[in-house]
Amino acid sequence: LDVSMDMWSFFYACLVSAWLHRFYIYSAVAFGVSIWIVIQFFGEKSSRKPASSEGIEGKLVNGCATLPAKEVHVAGVKIFYGSQTGTAKRFATGLAEAVISLTLHVEVINMGGYDPDDCLAEETTSRNVCVFLVATYTDGQPTESAAWFCKWLEEAANDFRFGKTYLKGLRYAVFGLGNSVYVDHYNTVGRNIDRWLWMLGASRIMSRAEGDCNVAQSKHGSIEADFEAWEVEFLSRLQALCRGEKKSCSGKCKKGKCKSLGKQSKESSDHEHETSEHENTEAEELFETSSEEEADAEQANSVVDVEDLGNIMSHMKKAKVLLLQRSMYFMYQLLQGKINGLNYSLFSGYKLIGSHSGVKLCRWTKSMLRGRGGCYKHTFYGIESHRCMEATPSLACANKCVFCWRHHTNPVGTEWRWKMDQPEMILQEALQNHHNMIKEFKGVSGVKADRFEEAMTAKHCALSLVGEPIMYPEINRFVKLLHQHSISSFLVTNAQFPDEIRNLEPVTQLYVSVDASTKESLKRIDRPLFKDFWQRFLDSLKALSEK
């Protein structure tokens, strides 16, 4: 009993002592926990540090969502190829294997099954590097598999609605496959893709390279050797990008060719002069720069050294003179009635008809062929955009509007001065050209088969392509022909021909553009050719109210 009492007294005394000194005990425990946390934190950080670079690449390949320890500069590489004989495809496969050795994700894509309208813009934020291996086929045309991609890219580059920054953020490199025996068309497709991507704001990671099937002129003895030399340079550049380096050359590039100092510059320059290009191509590429020059310009906020102004103004004057010469030649052809059959570059994408008419495939037609939305006519009136033909019987206009979506490439005039074509011929050729443009969409990725068949029969004609359709002397006969073919008609006029509006027989819908609310603003915005433009404007609105 005495022993048990002593044990209890001792235990009780310990409890009382612990309670009295509880503050010191709590402090000791807290200090120990803190030391443990610090040891765990620094131990884990040091163990992660050596493998951070390899770990990040592994997570990218495996699609892991874990946050990386440092910024990822290149997420992967997408290799696009357009091939007819299989050479470009073989090069793409070989390049993919080389990129995989760098532990980067790679995707090889046949252009024939790729829809740029859906997917290309996504590459602006994907941190991928896009490589284009494209062959030039007969008469400088792209291969069958790359035809739609090139057509879409060309139209996007020349359509102001896409803008100059549509593909800003996309990084790319181009390797063209061609044969210098065909001097006029040597590597045309590669050069065009390079230029169109640049026009849409994409950035080159290195200068365009060209492989030559002509062993006598090939830089390295064969097209395979040309590609291998470019591949080594590309992989080196890719590794530099992965490290976060941005500069790819001296920064003095033009037309996709690197003009770095030294022997490489001389070789590149000599090879460039070996192949002659057409005058219009030179004009289009006059102001082309490399992605590095573009970035430098942005950083400098478009500031130009005084000593460089002379060269810049000289280039601008040459371009303006050349454009003026081409415009005057085109006007001459119109006045002489010789425009038929010309594929004139001032009207990119247009199919010119006779002396004064034209037809073009609307972007909403292409959109609805793929099962997407149509333009406002579909929303308001139920008109199906894939069955709509955009045309004009008069390329000429009486205004030079500052917002003109055709960039003033069409002729201007206040009266009819051209050799007049008959409305029957215009309608027949417009429908034929429209059908031919629709046929180009056969087999294109994303196009709905049922809508493709429906599109072959036009049910609506938008007379709003360019110019002033109401100027055409036989506009009433032309509209009647449309209605006889069960084609509805929408006609747009710029409110400068009130008498023609009064004399116009019924159309499905008549539009009068009201671009300003005062005489001064109308003159400033529409820049009309008529001296009595304001009275004509008011009379046109009055004539519209009487219809």
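Before any of the text, the structure's been laid out above.
Residues numbered from 1 in each chain as written. Predicted model: local features only at pLDDT ≥ 70, side-chain atom pairs only at ≥ 80, totals over all residues. Heavy atoms only, no water.

Chemist: What's the story with the sheet that holds strand β10 (residues 357-360) in this structure? I'm lost.
Modeler: Two modes of strand pairing occur in sheets, parallel and antiparallel, and in both the strands are linked by backbone hydrogen bonds. Taken together, the six strands give an open sheet; going across it, the order is β9-β10-β11-β12-β13-β14, and neighbouring strands pair in mixed fashion. One side of each edge strand has no neighbouring strand; the edge strands of this open sheet are β9 (351-353) and β14 (509-512). Averaged over neighbouring strand pairs, the angle between their axes works out to 20° when direction is ignored. Relative to strand β13 (residues 488-493), strand β12 (residues 460-463) runs parallel, the two being bridged by four bridges. Within the sheet, the bridge partner assigned to H460 lies in β13 and is S488. Of the strands in this sheet, β9, β10 and β11 (388-392) touch helix α15 (residues 423-439), which is tilted by about 165° from β9. (Pairing = 2+ DSSP bridges. Helix = DSSP H or I, 4+ residues; strand = E, 2+ residues; numbered from the N terminus. Axes fitted to C-alpha atoms, helices over the stretch in contact; angles between N-to-C directions. Contact = heavy atoms within 4.5 Å.)

Chemist: Could you clarify how one ought to interpret the nonpolar core in this entry?
Modeler: Ranked by internal contacts, the top residues of the largest apolar core, which has 74 residues, are F132, L153, Y172 and I193. By residue number, the principal contributor to this core is helix α6 (residues 147-157), which donates seven residues. The two domains that each donate at least three residues to this core are domain 1 (76-243) and domain 2 (351-546). With near-sequence residues (within four places) excluded, Y172 lies in contact with C130, F132, D194, L197, W198, A202, S203, R204, I205 and M206. With 30 residues, the next largest nonpolar core counts I79, V106, L177 and I205 among its residues. (Core = buried A, V, L, I, M, F, W, Y, C linked by side-chain atoms within 4.5 Å. Buried < 20%, exposed > 50% of the residue type's maximum accessible area, 1.4 Å probe, protein only. Domains from an automatic or database assignment.)

Chemist: Please clarify how the packing of helix α19 (residues 519-526) against helix α20 (residues 533-545) should be interpreted in this entry.
Modeler: Packed helices, taken two at a time, are described by the angle between their axes plus the distance between the axes. For the pair α19 and α20, interaxial distance at closest approach is 10 Å and the crossing angle is 100°. The angle between α19 and α20 places the two elements in the roughly perpendicular class. Across the interface between the two elements, K519, L522 and K523 from α19 touch F533, W534 and F537 from α20. Here the contact of α19 with α20 is composed, by residue class, of four nonpolar, no polar and two charged. (Parallel < 35°, antiparallel > 145°, perpendicular 65-115°, else oblique. Nonpolar A, V, L, I, M, F, W, Y, C, P; charged D, E, K, R; others polar.)

Chemist: Just to check I follow, could you spell out the pattern of salt bridges for this structure?
Modeler: One side chain can pair with another of opposite charge once the charged atoms of both are near each other. Counting across every chain of the model gives 20 salt bridges. Between K78 and E107 there is a salt bridge, and its shortest N-O distance comes to 4.0 Å. Remark: E107 occurs in strand β2 (residues 105-110) and K78 occurs in strand β1 (residues 76-82); sequence separation between them is 29 residues. Overall, K78 belongs to the buried group, its relative accessible area being 16%. We classify E107 as partly exposed; its relative accessible area is 35%. For R208, the salt bridge identified is with D194, shortest N-O distance 3.1 Å. Remark: D194 occurs in helix α7 (residues 188-199) and R208 occurs in the loop between β5 (203-204) and β6 (209-212); sequence separation between them is 14 residues. Put simply, R191, D194, R204, R208 and E210 are held in one network by salt bridges that share partners. (Salt bridge = Lys/Arg side-chain N within 4 Å of Asp/Glu carboxyl O.)

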